Amino acid sequence: MKHSIKPLIVLAGLLLLWQGAAVLFEIPPYIVPEPVDVFSRMVADAGLLWEHTLVTLAEMVLGLILGVLFGVLMALVLVYFAGLRPWLLPVLLITQAIPVFALAPVLMLWFGYGMASKVIMTILVIFFPVATCCYDGLRHTHQGWLDLAHVMGGNGRSVLRLIRWPAALPALASGLRVAVVVAPIGAVVGEWVGSSAGLGYLMLQANARLWVDLMFAALTVLAFCSVALYYITDNLLRWLIPWQQKTAY
Amino acid sequence: MFDITLRKAGLAYGDNVIFQDLDLTLKAGQWTCLLGGSGVGKTTLLRMIAGLTRQKNINTRGEICCGDNQPLTGRIAWMSQQDSLLPWATVLDNVTTGIQLRSNRLFRKAKLSADQKDRALSILERVGLAAKANELPQNLSGGQRQRVALARTLMEDRPVVLMDEPFAAVDAITRLDLQDLSCELLAGRTVLLITHDPLEALRLGHQVYHLRGQPAELTDAIEPPGQTPRSLEDSSLMALQGQLLDRLRHAEHGESV
Ligand SMILES: Nc1ncnc2c1ncn2[C@@H]1O[C@H](COP(=O)(O)OP(=O)(O)O)[C@@H](O)[C@H]1O
Ligand SMILES: [Mg+2]
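With that out of the way, let us pick up the overall build of chain A. When helices and strands are counted, chain A shows 10 helices and zero strands. Listed by position from the N terminus, the elements making up chain A come as α-α-α-α-α-α-α-α-α-α. Overall size of chain A, expressed as C-alpha extent along the three principal axes, is 70 × 50 × 30 Å. Counting only residues that meet the buried cut, chain A has 42% of its 249 residues in that class. Considering only residue pairs separated by 6 or more positions, chain A has 71% of its internal contacts joining residues 24 or more positions apart. By element, 76% of the accessible surface of chain A is carried by carbon and sulfur atoms, the whole surface being about 13200 Å².

Structural data, given as structure tokens:
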């Protein structure tokens with residue numbers, strides 16, 4: 001567990017730098033508030049922050065689950081239906097080539113200002129890294145294992161289940177790590193474009209009213225959620241896939 | 001038991017002819033060893049015999065027949081270079097991979113019958129790894145991993161065993177131990193062993209061939225005298241090793257000019 005200390009040290013260091021800079025350069029609090037003020041705002045508005053955090057978290061988690069599901073399905077289809085590949089690859093690229101910012105208003109129009117549009121934004125953002133990583137993993141199964149399976153008389157299904165799928169898991173895991181990092185982008189961009197709840201909405205409101213400390217408080221909570229989500233996922237993946245190479249810390 | 005005969009076997013990757021008109025007989029119940037520099041086509045030949053080269057861009061010719069006129073498919077066990085164990089499966093699951101692969105379960109693991117499990121454990125006992133049945137391969141040494149691969153080969157219980165440099169990645173002492181163990185446990189089966197170690201070929205082979213040139217050709221067989229696994233103290237073995245090393249070196253230099 002000693003490596004889980006390091007992110008906290010980094011965090012504390014950043015906070016110190018921030019506080020130091022704010023005091024030293026006498027930056028006015030309506031530009032950069034001091035961490036102390038932000039913290040007291042966080043405590044004062046804990047209920048409000050919590051309420052909006054739950055909304056954003058729900059959007060991210062729902063988007064992650066569905067995005068991973070669709071990404072994996074896409075990868076399986078790409079691997080096993082070679083004929084569809086030339087048709088599906090452009091679709092995959094399009095979901096990534098159009099900036100989510102450009103897509104957001106359209107999604108609001110179609111799916112309303114509620115959670116659905118944010119979840120779909122999140123799915124769009126994470127679909128690509130998951131699908132490509134999983135596809136790569138499924139395609140590059142170690143030839144020796146496939147030879148062995150063939151000589152042993154394995155059929156397409158059992159080879160997928162017993163060899164190709166587990167062999168692709170480490171690659172899928174790297175896709176998931178990327179997905180978890182970019183998922184907040186989808187959710188928060190969605191909230192910025194139009195919403196009635198969530199941390200992005202809160203930041204927009206606070207910004208309009210020049211409540212800079214509340215804005216920073218929301219930002220801090222968002223950053224914390226993203227980092228926590230990453231470490232939870234990372235540890236979960238390590239536990240589920242104990243045979244993969246240790247990732248660098 | 002049955003001989004396996006390759007007649008006029010040829011293989012090309014696209015226009016790259018690896019070998020053509022190759023004749024080779026694997027004698028029933030004996031070890032045939034195949035030496036050769038890297039890249040001459042040893043693995044290719046082995047994969048062709050195992051039926052692994054039926055692909056679009058690979059042109060094969062010739063025929064592979066069994067002495068009893070039955071097809072070879074389904075009668076082969078395969079043991080390849082290092083790291084052929086599935087890293088996510090325990091030692092026991094690795095040894096029983098064949099059973100799992102042939103079952104038709106969609107999601108869950110097929111449950112091993114008590115018989116199958118007993119057999120797997122007794123085979124692990126014979127390779128000296130009964131205590132490691134529930135370990136992951138990453139917790140084993142290189143030599144232990146190859147013993148698991150050997151156990152998996154035995155579990156398949158096939159009359160023909162094809163081995164591609166199975167002991168190349170372990171240290172010299174471990175290699176000798178593994179050679180003795182395989183020789184004991186695979187006795188009576190028809191084995192084709194590919195190796196780049198002349199000593200290994202001479203210790204284990206009833207016939208030792210050397211594959212060289214491009215397209216590759218087989219030299220005449222050397223038939224070392226005496227029971228396998230042959231002792232290192234056997235002076236005729238050492239003399240043969242010297243000759244073979246010379247030949248291998250000449251082949252390498254001939255190719256590089
Ligand atoms: N799948 C393949 N496609 C095209 N060329 C191949 C393929 N596999 C091997 N080769 C080529 O065939 C030659 C023989 O390879 P291989 O049989 O692996 O040699 P060896 O096992 O003797 O080291 C090499 O030159 C290699 O580049
Ligand atoms: Mg080879």
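What follows covers empty space enclosed by the protein. Any space left empty among the atoms is revealed by the rolling of a water-sized probe across them. Residue and element names in this part refer to chain B. Tallied over the entire structure, the rule returns three cavities of 30 Å³ or more. There is about 50 Å³ of room inside the largest cavity. Lining the largest cavity are Glu165, Pro166, Phe167, Ala168, Arg175, Thr195, His196, Asp197 and Glu200. Of the pockets and cavities examined, the second largest cavity occupies roughly 40 Å³.

Before going further, it helps to spend a moment on the pairing of strand E8 (residues 207–212) of chain B. Residues and elements named next belong to chain B. Of all the six residues making up E8, five are buried; the element is thus mostly covered by neighbouring parts of the structure. As paired strands, strand E3 (residues 31–35) and E8 are joined by four bridges and run parallel to one another. Counterpart to Thr32 in the pairing with E8 is Gln207. By the bridge criterion, two bridges tie E8 to strand E9 (residues 217–218) in an arrangement that is antiparallel.

The next thing to look at is the site of ligand 1. All names here are of chain B. For ligand 1, the full set of nearby residues is Tyr13, Ile18, Gly37, Ser38, Gly39, Val40, Gly41, Lys42, Thr43 and Thr44. Gly41 is positioned such that a nitrogen or oxygen atom in its backbone is 3.0 Å from an oxygen atom of ligand 1. With respect to ligand 1, the side chain of Thr44 contributes an N or O atom lying 2.5 Å from an oxygen atom. Out of a free accessible area of 560 Å², ligand 1 has 57% covered by protein chains. The greatest single-element share of the shell around ligand 1, amounting to three residues, is contributed by helix H1 (residues 42–49). Here the shell around ligand 1 is built from residues that sort into three nonpolar, six polar and one charged.

Moving on: the packing of aromatic side chains. According to the stated counting rule, one finds five aromatic pairs over all chains in the structure shown. Judged by centre distance (5.3 Å) and plane angle (80°), the rings of Trp145 of chain A and Trp88 of chain B are edge-to-face. Residue Trp145 of chain A is found in helix H7 (residues 143–151), and its partner Trp88 of chain B is found in the loop between strand E5 (76–79) and helix H2 (91–95); the two belong to separate chains. In this pair, the class of Trp145 of chain A matches that of Trp88 of chain B, namely buried. Their ring planes at 55° and their centres at 5.7 Å tell us that Trp243 of chain A and Trp88 of chain B sit as a pair that is tilted. Placement of the pair is Trp243 of chain A in the segment after helix H10 (212–240) and Trp88 of chain B in the loop between E5 and H2, with the two residues belonging to separate chains. Overall, the relative accessible area of 13% leaves Trp243 of chain A in the buried class. Taken together, Trp145 and Trp243 of chain A together with Trp88 of chain B form an aromatic cluster joined through their ring pairs. Directly above the ring of Trp211 of chain A sits Arg209 of chain A, whose terminal nitrogen or CZ lies 5.8 Å from the centroid. Sitting over the ring of Phe2 of chain B, Arg75 of chain B keeps its end group 4.0 Å from the ring centre.

A few words now on the interface of chain B and chain A. Taken together, the contacts link 30 residues of chain B with 22 residues of chain A. In total, about 2200 Å² of surface goes out of reach between chain B and chain A, with carbon and sulfur atoms giving 61% of it. Its largest share of buried area at the contact with chain A, chain B owes to Trp78, Trp88 and Leu101 of chain B, together 32% of the area lost on that side. Across the pair Asp147 of chain A and Arg47 of chain B runs a salt bridge whose closest N-O atoms are separated by 2.8 Å. Remark: the boundary between chain B and chain A carries seven residue pairs in polar contact (both at pLDDT 80 or more). For the side of chain B that touches chain A, the elements supplying multiple residues, two or more each, are E5, helix H3 (97–102) and helix H5 (142–156) of chain B. Considering every element that reaches the side of chain B that touches chain A, the biggest residue donor is H3 of chain B, with five residues. For the side of chain B that touches chain A, the per-class residue count stands at 13 nonpolar, eight polar and nine charged.

Further remarks concern the sheet that holds strand E1 (residues 4–13) of chain B. Residues and elements named next belong to chain B. Overall, antiparallel pairing links the three strands, which are arranged E2-E1-E4 in an open sheet. Each of the sheet's edge strands pairs with one partner strand only, and the pair in question is strand E2 (16–26) and strand E4 (58–66). When the angles between neighbouring strand axes are averaged without regard to direction, this sheet yields 5°. In terms of strand pairing, E1 meets E4 through eight bridges, oriented antiparallel. Each residue of the ladder has a partner; that of Leu6, found in E4, is Ile64. Strands E1, E2 and E4 of the sheet are contacted by H1, whose axis makes an angle of about 120° with E1.

What follows deals with helix H9 (residues 199–208) of chain A. An α-helix turns once per 3.6 residues; consequently, residues spaced three or four apart project the same way. Residues and elements named next belong to chain A. By the burial criterion, the buried members of H9 are Leu199, Gly200, Leu202, Met203 and Ala206. The buried residues of H9 occupy an angular sector of 160° when projected down its axis, which confines them to one face. Along its buried surface, H9 packs onto helix H3 (46–80), helix H8 (156–193) and H10. With its phi angle positive at about 60°, Leu210 sits one or two positions after the end of H9.

Bringing the side chain of Asn94 of chain B into the picture now. Tracing the backbone through its elements, the reader meets Asn94 of chain B in helix H2. When residues no more than four places from it in sequence are discounted, the contact partners of Asn94 of chain B are Leu85, Leu86, Ala89, Pro137, Val148 and Arg152 of chain B.

Residues and elements named next belong to chain A. Contact geometry of H3 with H9 gives a least axis separation of 7 Å together with a crossing angle of 135°. In terms of axis orientation, H3 runs oblique to H9. Facing Leu48, Leu49, His52, Thr53 and Thr56 of H3, the residues of H9 in contact are Leu199, Gly200, Tyr201 and Leu202. Counted by class, the contact of H3 with H9 contains five nonpolar, four polar and no charged residues.

Moving on to the environment of Asp37 of chain A. One can find Asp37 of chain A in helix H2 (residues 35–44). Considering only alpha carbons, one finds Asp37 of chain A and Leu214 of chain A, 177 residues apart in sequence, at a separation of 9.3 Å.

Rules used throughout
Residues numbered from 1 in each chain as written. Chains lettered and ligands numbered in written order. Predicted model: local features only at pLDDT ≥ 70, side-chain atom pairs only at ≥ 80, totals over all residues. Heavy atoms only, no water. Helix = DSSP H or I, 4+ residues; strand = E, 2+ residues; numbered from the N terminus. Buried < 20%, exposed > 50% of the residue type's maximum accessible area, 1.4 Å probe, protein only. Contact = heavy atoms within 4.5 Å. Areas by Shrake-Rupley, 256 points an atom, 1.4 Å probe, with all protein chains shown as cover. 1 Å grid on protein atoms, 1.4 Å probe; cavity = no way out; pocket = protein on both sides within 12 Å on 5 of 7 lines; lining within 4 Å. Points joined across faces, edges and corners; volume = space filled by probe spheres on them. Pairing = 2+ DSSP bridges. Near = heavy atom within 4 Å. Polar contact = N/O pair within 3.5 Å; in protein donor to acceptor, adjacent residues only side chain to side chain. Nonpolar A, V, L, I, M, F, W, Y, C, P; charged D, E, K, R; others polar. Phe/Tyr/Trp six-rings, centres within 6.5 Å; stacked < 30°, edge-to-face > 60°. Lys NZ or Arg CZ within 6 Å of the ring centre and 35° of its normal. Buried area = accessible area lost by both parts, 1.4 Å probe. Salt bridge = Lys/Arg side-chain N within 4 Å of Asp/Glu carboxyl O. Axes fitted to C-alpha atoms, helices over the stretch in contact; angles between N-to-C directions. Arc of directions from axis to C-beta. Parallel < 35°, antiparallel > 145°, perpendicular 65-115°, else oblique.

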